[in-house]
Structure formats: C-alpha cells, structure tokens
Amino acid sequence: MATVTYDKATRIYPGADKPAVDQLDIAIEDGEFLVLVGPSGCGKSTSLRMLAGLEDVNGGAIRIGDRDVTHLPPKDRDIAMVFQNYALYPHMTVADNMGFALKIAGVPKAEIRQKVEDAARILDLTEYLGRKPKALSGGQRQRVAMGRAIVREPQVFLMDEPLSNLDAKLRVQTRTQIASLQRRLGITTVYVTHDQVEAMTMGDRVAVLKDGLLQQIDSPRNMYDRPANLFVAGFIGSPAMNLVEVPITDGGVKFGSDVVPVPREALTAAADKGDRTVTVGVRPEHFDVVERPEGRTDEPGGVAVTVNVVEELGADGYVYGTAEVGGERKDIVVRVNGRRVPEKGSVLHVVPRSGELHVFSTSSGERIGD
Ligand SMILES: Nc1ncnc2c1ncn2[C@@H]1O[C@H](COP(=O)(O)OP(=O)(O)OP(=O)(O)O)[C@@H](O)[C@H]1O
Ligand SMILES: [Mg+2]
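Conventions used here
- Residues numbered from 1 in each chain as written.
- Chains lettered and ligands numbered in written order.
- Predicted model: local features only at pLDDT ≥ 70, side-chain atom pairs only at ≥ 80, totals over all residues.
- Heavy atoms only, no water.
- Core = buried A, V, L, I, M, F, W, Y, C linked by side-chain atoms within 4.5 Å.
- Buried < 20%, exposed > 50% of the residue type's maximum accessible area, 1.4 Å probe, protein only.
- Contact = heavy atoms within 4.5 Å.
- Pairing = 2+ DSSP bridges.
- Helix = DSSP H or I, 4+ residues; strand = E, 2+ residues; numbered from the N terminus.
- Axes fitted to C-alpha atoms, helices over the stretch in contact; angles between N-to-C directions.
- 1 Å grid on protein atoms, 1.4 Å probe; cavity = no way out; pocket = protein on both sides within 12 Å on 5 of 7 lines; lining within 4 Å.
- Points joined across faces, edges and corners; volume = space filled by probe spheres on them.
- Nonpolar A, V, L, I, M, F, W, Y, C, P; charged D, E, K, R; others polar.

Q: Give a description of the nonpolar core that names residues and reports values.
A: Of all hydrophobic cores here, the largest spans 43 residues; its most connected members are Met 98 and Val 208. Setting aside anything within four residues of it in sequence, one finds Met 98 in contact with Val 116, Ala 119, Ala 120, Leu 125, Leu 129, Val 144, Gly 147, Arg 148 and Val 151.

Set out below in structure tokens:
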C-alpha cells in the first residue's frame, strides 16, 4: 500500500497550446479511494495515464509512497489498471486472463493458481474460471478485469470509467461492489468517471477537474454542502443547483419579492470586488413551498414559480418551472413531496430555506462569505 502524490504535475500534448493537465496538486492517502470527475475533455484520463506512466509528465512530479515515479516505465510503478473496455484476451480462459501478468512476471504456476482462485472467490467468479470472455455477461467481464488487477497485489489501482459499458442497474450494483471490495483490500485507488453520482457514492474524496485545472478536492459531503465555486456548484448534484444572479440589498439579497438574508461577510466580500450583485445557489430540496392559508386570496409571498413540467419519482417530485428573479425569467427546479405534486401550469410560491443558501461572487465565481 502507498500514498500517491501529484506535485504540480503537468501534461502538454505535442502541438497543444495549453496543458491538458495543469499543475495538478493532489495528495492521496494510503488506502484512500479517490475519484477524479469532470466533464468530457477535462483531463481525467490524462491525469490517470500520467500516474500509470502511459503519458509523459512535462512539469512537476508524481510520487508513489516515497518513490519518485515521474519518469519510470509503467512496469516499474507497481500499479494495476482497469480500463473501460476491460481489454481481456478473447482466446484465453478467465483463469488465464486473470493470471497472465503473473505468468509474464515468472511467478510459479501453483502460486498463480492460488492467487487466481482467491481473487475469483472474492469476485464470485469461481464457476467461470474455465470459460472464455465471450461466454460471459458484461458484469462478469468487468469482474474478470478487476480480478486481473487484484491478483497482482499492486500498491495502487487505477480505474478509468470501468463501469461505462454496463447497463444502468448493473452499474449501480457494481459500483457498490467495487467500493466495498476496495475498502476490504485497502489498496489506494484512483478512479475516473464523468458521472458525478458515481463519484459521490464511491469516493472517500472527490476531485473535480475542469479544463485541466483542479477545482476542488473534498469529501462528497463537503463537496455537496460547500462547493468552492460556481462550476462545482452546478456540476455536483442532480438536478443541478439553481444559480441566479441577484441584486445586493441592505442585509441580504433580493430574491423575488423577498429579501433573503445572507452572511454579512458575503456582502462585504462582494462589495470589496465592486460587485452590485452576487450569484446565489439553492438546491432543489432547499426551497420551502409557501401554502396559502384557507380563505385567503392574496399572494402568499416568496418567488412565484410557474410549473412547466413535473417529474414524478414516487417519493419525490421535481417541478421544472420559470420564475422572475433578479429582473430576469429564470428556470427553477424545486423538489416537492411526491404525494403532493402541483399541476402543470399552476403557480407555486417558494422561499429558499434560511441557512441553505450558497453565495458566489458574480465576477470571480468563487464561493464567498463562509
Ligand atoms: N493523445 C492526445 N493528443 C493530443 N491531445 C490529447 C490526447 N489525448 C487527449 N488529448 C486532449 O487532452 C484533453 C484531456 O483529455 P482526456 O482524455 O484526459 O479527457 P477526459 O477528462 O478523460 O475526457 P472523457 O470524459 O471524454 O474521457 C482533451 O482536450 C483532449 O482532446
Ligand atoms: Mg477519459
């Protein structure tokens, strides 16, 4: 087992005008499950391949434990990688696929057999050891690919979207299996996905990348509760956080017809930058629906959201609507009780729950105030 350190690691592809990975700084703990997540092209695979030794590092360093591996060939790094397409050898049995790397390394036959059988037991593959990959389901092939990594007992596992070939249900099952297996084996793991739900459910910590730059590295909880900037706020969480630019008023921000209090430090920070507005974020589950008391006909206050679409998920419902906030018509998503969903075309009055408001600088996009 070992720590993994990216120390200002940079990759510039030949001919590119900017780095694909730009001064990446991450210190991964021994035994940690770290997930790299971000939109397509943000540099996830490149970061992983730099660690694997499959991509040159043009600046900075990469260390596994105390060893500087920046310029070591892949075979000397003591890592095992699981790819998206599994890359199994079609003409070999499951057992031979799993033991192949050990055979190449000259490990005695009996020892290979033992390791393959142990891994097969862990992965529930014992009865398939004699089969060829083409006679396996997608999930079973995925487990063979995992098995091939496990038998090598590497210091670090690297996985690049290993679940993307599985259907939705199997993907959910398999991600729990991989996460619990990793915890049992305690092998430091770097896992790449573009799926933020996968990242949040699997990782001890999650690192969000955009355009080759690290945006935030944090526990899933902190990432959700305190996104560091507008990009992370919009990327983590589904449906996404509502983000609206609103004018600053005395002691708060004007949200629809109400003034919503925000921390004084946030207003001061915005004023220091010369901003007249801030961008506030409210997650769909952090709106309270204002009920109009029986017999009253006046407007109940809050933001009036015209309901365009209602997505019913059973326990919850999501209202996709439009509202006038900050002088503009904005799309707003509100989570409601699944048993009490409003009708399409009706108007819902909502207020952001106090203490659940995220405030970002409109000019820099950074979180401000807390
Ligand atoms: N071999 C290469 N030569 C030149 N540019 C490359 C090469 N591989 C990747 N890139 C570029 O580097 C950037 C990062 O690519 P990378 O494959 O790391 O993205 P990613 O985050 O893994 O995306 P995806 O989610 O689509 O797999 C992209 O802009 C891509 O076009
Ligand atoms: Mg990729």
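Q: A description of the sheet that holds strand β11 (residues 242-249) should follow, citing residues and the corresponding values.
A: Strand order in the open sheet formed by five strands is β13-β12-β11-β14-β20, and the pairing between neighbours is antiparallel. Each end of this open sheet is capped by a strand with a single partner; those strands are β13 (258-261) and β20 (358-361). The average undirected angle you get between the axes of adjacent strands in this sheet is 45°. Where helix α9 (residues 264-272) meets the sheet, it contacts β11, β12 (252-255), β14 (277-282) and β20, and its direction lies at approximately 80° from that of β11.

Q: Please give an account of the pairing of β11 that cites residues and values.
A: As judged from the six bridges shared by β11 and β14, these two strands associate in the antiparallel manner. Residue pairing in the sheet places Glu 245 in a bridge with Thr 279 of β14. The sheet contact formed by β11 and β12 spans two bridges and is antiparallel. The partner of Ile 248 across the bridge, within β12, is Val 253. Where β11 folds back on β12, the antiparallel hairpin that results is connected by two residues, among which Gly 251 adopts a positive phi of roughly 75°.

Q: A description of the layout of surface pockets should follow, citing residues and the corresponding values.
A: Looking at the largest pocket, its volume works out to about 580 Å³. If you go around the largest pocket, you meet 20 residues; those closest to its centre are Ile 79, Ala 80, Met 81, Ala 101 and Arg 152. Contributions of two or more residues to the lining of the largest pocket are made by β6 (79-82), α2 (94-104) and α4 (138-150). Of the residues in the lining of the largest pocket, the class split is 16 nonpolar, no polar and four charged.

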